[in-house]
Structure formats: C-alpha cells, structure tokens
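# What the coordinates show
So the chains spell out like this:
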Amino acid sequence: MSSETFGEITLERILARGNLMQALKKVEANKGSCGVDGMETSELRAYFKSNPGKLTEQILQGTFKPSPIRRVYIPKDNGEQRPLGIPTVIDRFVQQAIALVLSEEYEKIFVDHSYGFRPNRDCRQAVRRAMEHIREGYEWVIDIDLRKFFDTVNHDFLVQLLSRRIRDGRVISLIHKFLRAPISEEGKVGKANRLGCPQGGVISPVCANVVLHELDIKLREKNMRACRYADDAVIFCKSRKAAERALKWIKKFIESKLHLRVNEDKTKILKVGSPDVQFLGFSFTTKVSKAKKMKFPQYRYFPTVHVKKRKKLKESLRILLDRRARGGIDRIKRKLRLKLRGWANYFKKAVPISWVQDLDSWIRRRVRQLLWKQWKKPANRYRELKLRWNKAPNVEKFAYSSNRYWHIVTCRPLQTGLSNNVLESEGWYSLEKALRTASGT
DNA sequence: TGTGACGCAAC
RNA sequence: GUUGUUGCGUCACA
Ligand SMILES: Nc1ncnc2c1ncn2[C@H]1C[C@H](O)[C@@H](COP(=O)(O)OP(=O)(O)OP(=O)(O)O)O1
Ligand SMILES: [Mg+2]
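Each residue is numbered by its place in its chain's sequence as written, counting from 1. Note on labels: chains are lettered from A, ligands numbered from 1, in written order. Only residues with pLDDT of at least 70 get local features here, since the model is predicted, and only at 80 or more are side-chain atom pairs given and counted; chain-wide, interface and lining totals rely on the full set of residues. Here the side-chain values reflect all heavy atoms present in the structure, with hydrogen atoms and water set aside.

Assigned secondary structure in chain A consists of 20 helices and 10 strands. Every one of the 441 residues in chain A was classed for burial, and the buried ones make up 46%. Residue exposure ignores everything except the shown protein chains as possible cover, and the areas themselves are Shrake-Rupley values with a 1.4 Å probe. A total of about 23500 Å² of accessible surface is found on chain A, and carbon and sulfur atoms cover 50% of it. For the purposes of this entry, the term helix denotes a DSSP run of H or I that reaches at least four residues, the term strand denotes a run of E that reaches at least two, and both are numbered from the N terminus. Only protein chains enter the accessibility calculation, which uses a 1.4 Å probe; a residue is then buried when its area is under 20% of its type maximum, exposed when over 50%, and partly exposed in between.

Put into structure tokens, the structure is as follows:
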C-alpha cells in the first residue's frame, strides 16, 4: 500500500553503481535504434566502460547536456501519425537511471485506481476493477481521453510537482534539461522544446503519471469510481445526470489546473454496454453465451474483445496468410502460432466462442488457399493431396482443375484432404487451441 | 531460482 | 524504417 513514505531522491542515488548497471542492462535489452549521434545500443557498454567517470562527472558538475531528440513518425491505429522522440542511447541510459529511482519512490504515493505504466499492474487488473464498479450498479461511464497527452505536458507544472517531492535541485535540473531537449527532424535541429514529454523518452511515462496523479487524488477525494490507464480514464456513475455533473468539473480541473487538453471528440458519457465504450481493448456486454450466463448468474455485464480489436487481429492475419506471403510455409506456421498465443493470452476469457469458430474457419480457408498456391503445378497438387488422403476419389481430376483459389478451397476434395484435423496435425494453429492453452486446460 | 532471446497486449 | 513504460506468454541456458 501507500503506507511507505516517499524516500530521498538524490543525484548520488541515481548515479550509484548498481543503479547505473541496471539502467545499462535495460537499454541494451530493449535493442532500440540509435539517436541523432548514431550510437547503437550494442556500443553503449563499451563506450561507458572506456570513459568510466566522464559521464557521471559531467552530470554531477551540471555540465551534462542531452542531445537532440530524433523525430520519427509511426502510424496509429486510427490512421493518424504518432510523433516519436528518440533520444540517443546515452541519454536513454541516463534517463533509465533516473526513471528507476523516480518510479521506485512514486510507486509509494500513486493511488490504487491508476494502472498504466506501473510495475506489478496490468490491463486485466484495470478491467477487473472497472467490472467491480459496474457490478455495484455504476452503469454510466465517463470515458475521458486527452489530446496528444505526452506532447502537451506543461514543463513548468511538471517541474513544480516534482519539486514538491524531490529536494535535490540537481535532479530537477537534470530532468528539466531532458524535457527541453530540441527536436531534430530531417537533419535540422530545432529550438529548445517548451512543451511535452517526448513519446519515446524513458522518463516520460512516469512523468505523465506524476501529472495525472493530481487528478487521481481529486477523484479519490470526491469518492469517484475511477480507473485510469495512462490518459485513458473511465469513471463510473449511477446515472447520466451524475456523470454529466462529474465530467463538468473534471474537464475544468484537467484544463485549468493540469494544463492539459481534453479530447472533446473521444471524451463521452455512455451506458457501459455501448459498443462505443472501449477500455484497454475491451468493451462491456450483456450478450454472452448461455453457458457463461449459467456459470455467473449473478452478473449482467462481461468484458469482451472490442470489435475494433477483432478486426485488427483479422487484418494482421490476412497479411500474414496472404497468398503471396513472404517466406516459407514453416515460418508462416510459426508466426501464426506465436501471434495467436500472445493474443489469446491477453484477451483470454473475453473472447466469444462463436467468434472463435468463425475466425478459425476463416483462417483454415486462407491456409488452404496458401497451400494450393504453394503446390502450384497440378502434379504437385496431386501428389500432396494424395499424400494426405489416400482413399481419395477424384483427386486426380481435381488436382488438374482451375486456379480460382477461393472457390476451390470450398470444394470437397480439398476440404477432406486438408481437413481441420489434417491441418492441425501438420502444425497449423487455431485460436481455439491458443485459448485452450492460455486458460491452462 | 535466476538470466536472456523472441513475441503478444495496453498506452 | 519503430522509441518508451508496463504486464504477460513461449523458448533457451546455468
Ligand atoms: N507506441 C508508443 N510509444 C511511446 N509512447 C506511446 C506509444 N503509444 C502511446 N504512447 C503514450 C504517448 C501518448 O501521448 C499517450 C496516450 O496515447 P494515445 O491516447 O494513443 O495518443 P495521444 O494522446 O498522444 O493522441 P490522441 O490525441 O490521438 O489521443 O501514451
Ligand atoms: Mg490520448
């Protein structure tokens, strides 16, 4: 619990040998790409060892200057672009050292309903907490999202908050320097940054939590049923009226006190069962299988995989199982298994079985297409089919038929020769199997 | 029990 | 080409 008191955060503690070694390991393990200076993570250890005290001395003397941040854009799920800010590996190393200490201390004061970017906390716990509120009759939800969250964090306010807990001015100054690091885009270095924590900065997540901790405190003070993961906060109320009242002051608080911007489009008040409610990839539904209802008759709402996330998985499988897919069959098999395992492990019990069956038969259809294309020549097709289905009638005739894949895979010989069982025995994974192993049976 | 390689998810 | 935090999974080594 938060019974422990906030410890002293000093530069010496950040630069302690053990802390630096731990930070070094983490940067290396990430294997992230280089910053503006071109130094790779694989070169960091050698660099650090060759100049043992140089870096720490610079930091202690206050002469250390972070390098500019390399700007890279990556696509977001909604089609927009996400501006990353990639620090040099040296800066990531120093930031790691800071972040380890910051996180350790702030963990002691962060509130229980905050889940994002925090150790020993995951999405499932956040969703479980949300479900508890729903089951206690709080069926109206305020879904809050902040506009360009990291990029709009106010430096002065953040520094002010950090100063309340960190008495060592050198630490504050060092963090401030990292925040002000300029952006380098297409070789051009811009002016010192005045707004935001870089998406890609090591200390950014904990800084983000430090800012929204103020909101957490306020919500707890007012006895709100809240659940926050980064800038995605859901607050549960008993009525639409209550939700509207709450949203009014929350908005005001976020914008005027925290200097952040509420995303007007994505922020909304809805009944929890609405498909527009998405929290960490889940939505909440009353429409579940009879078996589930029988098992939990006392419950009404259940978490389920949000439709957008189902589509996202299917889309990525479509690319993986494309007829003109790159790489060999074995590689595709392995990737499919890995992907389904990982995915199933995250969503586990929230996946509706009827959808599992739909998806699995869709996967098998695409696998059949893939193999049919792979075998190419009729003679090959004959051989491969016969190999799998000895007692086949008409295999010969069928193997020499046309090339219209989608139509063909629905025909009997392929369905039998490449039946579900045959596909499974040849190592083709299914979501059903992934879910079975994920739930431990 | 601990370490490191790969991967999945959330943001 | 893709950074960061966090959680989990699989495999591997001692
Ligand atoms: N891949 C990532 N790498 C680094 N930081 C990330 C990544 N994804 C999300 N974040 C961090 C930075 C974001 O500001 C914050 C909230 O994510 P998100 O709401 O998706 O974007 P956003 O708040 O920046 O833009 P938007 O205005 O679209 O909501 O989480
Ligand atoms: Mg946002």
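Another aspect to go through is the coordination of the magnesium ion (ligand 2). In this description, a donor is an N, O or S atom within 2.8 Å of the metal centre, a cutoff extended to 3.2 Å for sodium, potassium and calcium. Water is not part of the atom list, which can make sites seem incomplete. For the magnesium ion (ligand 2), the protein coordination sphere consists of Asp145 (OD), Leu146 (O) and Asp231 (OD), at 2.1 to 2.6 Å. Tetrahedral means four donors with every angle between 85 and 135 degrees, whereas square planar (four donors) and octahedral (six donors) require angles over 155 degrees between opposite donors and between 65 and 115 for all others; sites fitting neither are termed irregular. Here the magnesium ion (ligand 2) binds 6 donor atoms, and the angle range of 72 to 177 degrees at the metal identifies the geometry as irregular. For the magnesium ion (ligand 2), all donor residues lie on one chain, and their spacing in sequence is D-L-x84-D. Here the residue Leu146 occupies a position in the loop between strand 3 (140-144) and helix 7 (155-165), and Asp231 occupies one in the loop between strand 6 (225-229) and strand 7 (232-237), the gap between them amounting to 85 residues. A single burial state applies to Leu146 and to Asp231, both of which are buried.

Note that Asn263 resides in the loop between helix 10 (240-257) and strand 8 (268-271). Of the residues examined, Asn263 reaches a relative accessible area of 11% and is grouped as buried. Contacts of Asn263, omitting those with residues within four sequence positions, involve Asp145, Leu146 and Arg147. Residue contacts follow a heavy-atom distance rule, with two residues in contact if any of their heavy atoms lie within 4.5 Å.

This part takes up the protein's contact with RNA strand C. Close to RNA strand C lie 24 residues, the nearest being Lys26, Arg70, Gln96, Gly200 and Asn345. We call a residue near a molecule or strand as soon as one heavy atom of that residue lies within 4 Å of the molecule or strand. What you see for RNA strand C is that sugar and phosphate hold 77% of its atoms within 4 Å of the protein. At 2.6 Å, a side-chain N or O of Arg70 approaches a phosphate oxygen of RNA strand C. Identification of polar contacts relies on pairs of N or O atoms within 3.5 Å, with a donor-acceptor requirement for protein atoms, meaning one able to donate a hydrogen and the other able to accept it, and with residues adjacent in sequence counted only if both atoms are side-chain atoms. Contact between RNA strand C and Asn120: a phosphate oxygen at 2.9 Å from a main-chain N or O atom of the residue. Every element with two or more residues in the surface near RNA strand C is listed here: helix 2 (17-30), strand 1 (69-75), strand 2 (81-86), helix 5 (89-106) and helix 13 (329-347). In terms of residues, the surface near RNA strand C owes the most to one element, strand 1, which gives 3 residues. When grouped by side-chain class, the residues that make up the surface near RNA strand C number 8 nonpolar, 9 polar and 7 charged. In this classification, the charged set is Asp, Glu, Lys and Arg, the nonpolar set is Ala, Val, Leu, Ile, Met, Phe, Trp, Tyr, Cys and Pro, and all remaining amino acids, among them Gly, are polar.

Further remarks concern the sheet that holds strand 2. Spatially, the 4 strands line up as an open sheet ordered 2-1-4-5, and their pairing is mixed. Looking along the sheet, the strands with just one partner apiece sit at the ends: strand 2 and strand 5 (188-189). Strands qualify as paired when DSSP identifies two bridges or more between them.

Within the structure, DNA strand B sits among 14 residues, and Phe117, Tyr229, Asp231, Leu280 and Lys309 are positioned closest to it. Lys309 has a polar side-chain atom sitting 3.2 Å from a phosphate oxygen of DNA strand B. Among the elements of the structure, helix 12 (307-320) and helix 13 are those that each provide at least two residues to the surface near DNA strand B. Sort the elements by how many residues they give to the surface near DNA strand B and helix 13 lands first, with 5 residues. Residue composition of the surface near DNA strand B, by class: 7 nonpolar, 1 polar and 6 charged.

Moving on, we get to the side chain of His133. You can see His133 is positioned in helix 6 (residues 123-135). Apart from residues lying up to four places away in sequence, His133 is in contact with Tyr138, Arg225, Ala226 and Phe236.

This part covers the pattern of salt bridges. Criterion for a salt bridge: a side-chain nitrogen of Lys or Arg within 4 Å of a carboxyl oxygen of Asp or Glu. By the definition in use, this model includes 24 salt bridges. We note a salt bridge from Arg121 to Asp112, for which the minimum N-O separation is 2.9 Å. For Asp112, a relative accessible area of 41% translates into the label partly exposed. Of the charged contacts, one joins Arg318 and Glu315 as a salt bridge, the two residues approaching to 3.4 Å between their closest N and O atoms. In this pair, Arg318 and Glu315 both sit in helix 12, 3 residues apart, roughly one turn of the helix.

Another point: the packing of helix 12 against helix 13. Axes here refer to lines fitted to C-alpha atoms; in helices the fit is confined to the stretch in contact. Angles between the N-to-C directions go from 0 to 180 degrees. Running from amino to carboxyl end, helix 12 crosses helix 13 at an angle of 170 degrees, the nearest separation of the two axes being 11 Å. In terms of orientation, helix 12 lies roughly antiparallel with respect to helix 13. Between helix 12 and helix 13, the residues in contact are Lys309, Leu313, Ser316, Leu317 and Leu320 and Ile332, Lys335, Leu336, Lys339, Leu340, Trp343 and Phe347, respectively. Partitioned by chemical class, the residues of the contact of helix 12 with helix 13 number 8 nonpolar, 1 polar and 3 charged. Here roughly perpendicular refers to angles of 65 to 115 degrees, roughly parallel to angles under 35, roughly antiparallel to angles over 145, and oblique to all remaining angles.

Looking at ligand 1, the residues that line it are Lys76, Arg82, Asp145, Leu146, Arg147, Lys148, Phe149, Phe150, Gln199, Asp231, Asn263 and Lys266. Contact between ligand 1 and Leu146: an oxygen atom at 3.3 Å from a main-chain N or O atom of the residue. Phe149 has a polar backbone atom sitting 3.1 Å from an oxygen atom of ligand 1. If ligand 1 stood free it would expose 580 Å²; the protein chains cover 72% of that surface.

Looking at the element boundaries, Arg261 is found in the loop between helix 10 and strand 8. Overall, the relative accessible area of 46% leaves Arg261 in the partly exposed class. Taking the C-alpha atoms as reference, Arg261 lies 19 Å from Cys227; in sequence the two are 34 residues apart. Setting aside residues no more than four positions away along its own chain, Arg261 makes contact with Leu146, Arg147 and Glu255.

If you check which residues of helix 7 are buried, you get His155, Phe157, Leu158, Val159, Leu161 and Leu162. Buried residues in helix 7 make contact with helix 5, helix 8 (169-179), helix 9 (204-221) and helix 10.

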